[in-house]
Amino acid sequence: MDDVFAFIGNAFGEFIRFIVDGLIGFFTGIDDAARSFMQGLSESLGIAPTLISLVVLVIGLWLLWKGVAALMRRAIVATLIWWLLGVTVLSWLIN
């Protein structure tokens, strides 16, 4: 009877180990993909791959998007202001 429970415990432990190893491999792959994406993005733009630089990049792109939204509303002056702000923020960032 003791061998049956040892077998069940061993099988259950191997199953848990299999799941954990699979999840580690999955998250390692996601981490490598995200790191490669950020490295490629920062190299192509000529910016440092820091969190601050990426936040400023997102803010600049958001300002440009607000300009596109203003253009869709046919607000030409607002479009020019949003685009000027977006280009100014991105020009501080991009070398």
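Note: the structure precedes this text.
Since the model is a prediction, treat every value here as computed from it, not as a measurement.

Caption draft 1: Here's a closer look at the environment of Val68. Looking at the secondary structure, you find Val68 in helix α2 (residues 51–72). Relative accessible area serves as the criterion here: at 28%, Val68 is assigned to the partly exposed category. Note: C-alpha distance between Val68 and Gly13 (55 residues apart in sequence) is 56 Å.

Caption draft 2: Representation of the packing of aromatic side chains in the model. Taken as a whole, this structure holds two aromatic pairs when the rule is applied. Relative to Phe27, the ring of Phe26 lies with its centre 5.2 Å away and its plane at 70°, an arrangement referred to as edge-to-face. A centroid spacing of 6.1 Å and a plane angle of 70° characterise the contact between Trp62 and Trp82, whose relative ring orientation is edge-to-face. Taken together, the residues Trp62 in helix α2 and Trp82 in helix α3 (residues 76–93) connect sequence positions 20 residues apart. Assessed through its relative accessible area of 46%, Trp62 is described here as partly exposed.

How each quantity is defined
- Residues numbered from 1 in each chain as written.
- Predicted model: local features only at pLDDT ≥ 70, side-chain atom pairs only at ≥ 80, totals over all residues.
- Heavy atoms only, no water.
- Helix = DSSP H or I, 4+ residues; strand = E, 2+ residues; numbered from the N terminus.
- Buried < 20%, exposed > 50% of the residue type's maximum accessible area, 1.4 Å probe, protein only.
- Phe/Tyr/Trp six-rings, centres within 6.5 Å; stacked < 30°, edge-to-face > 60°.

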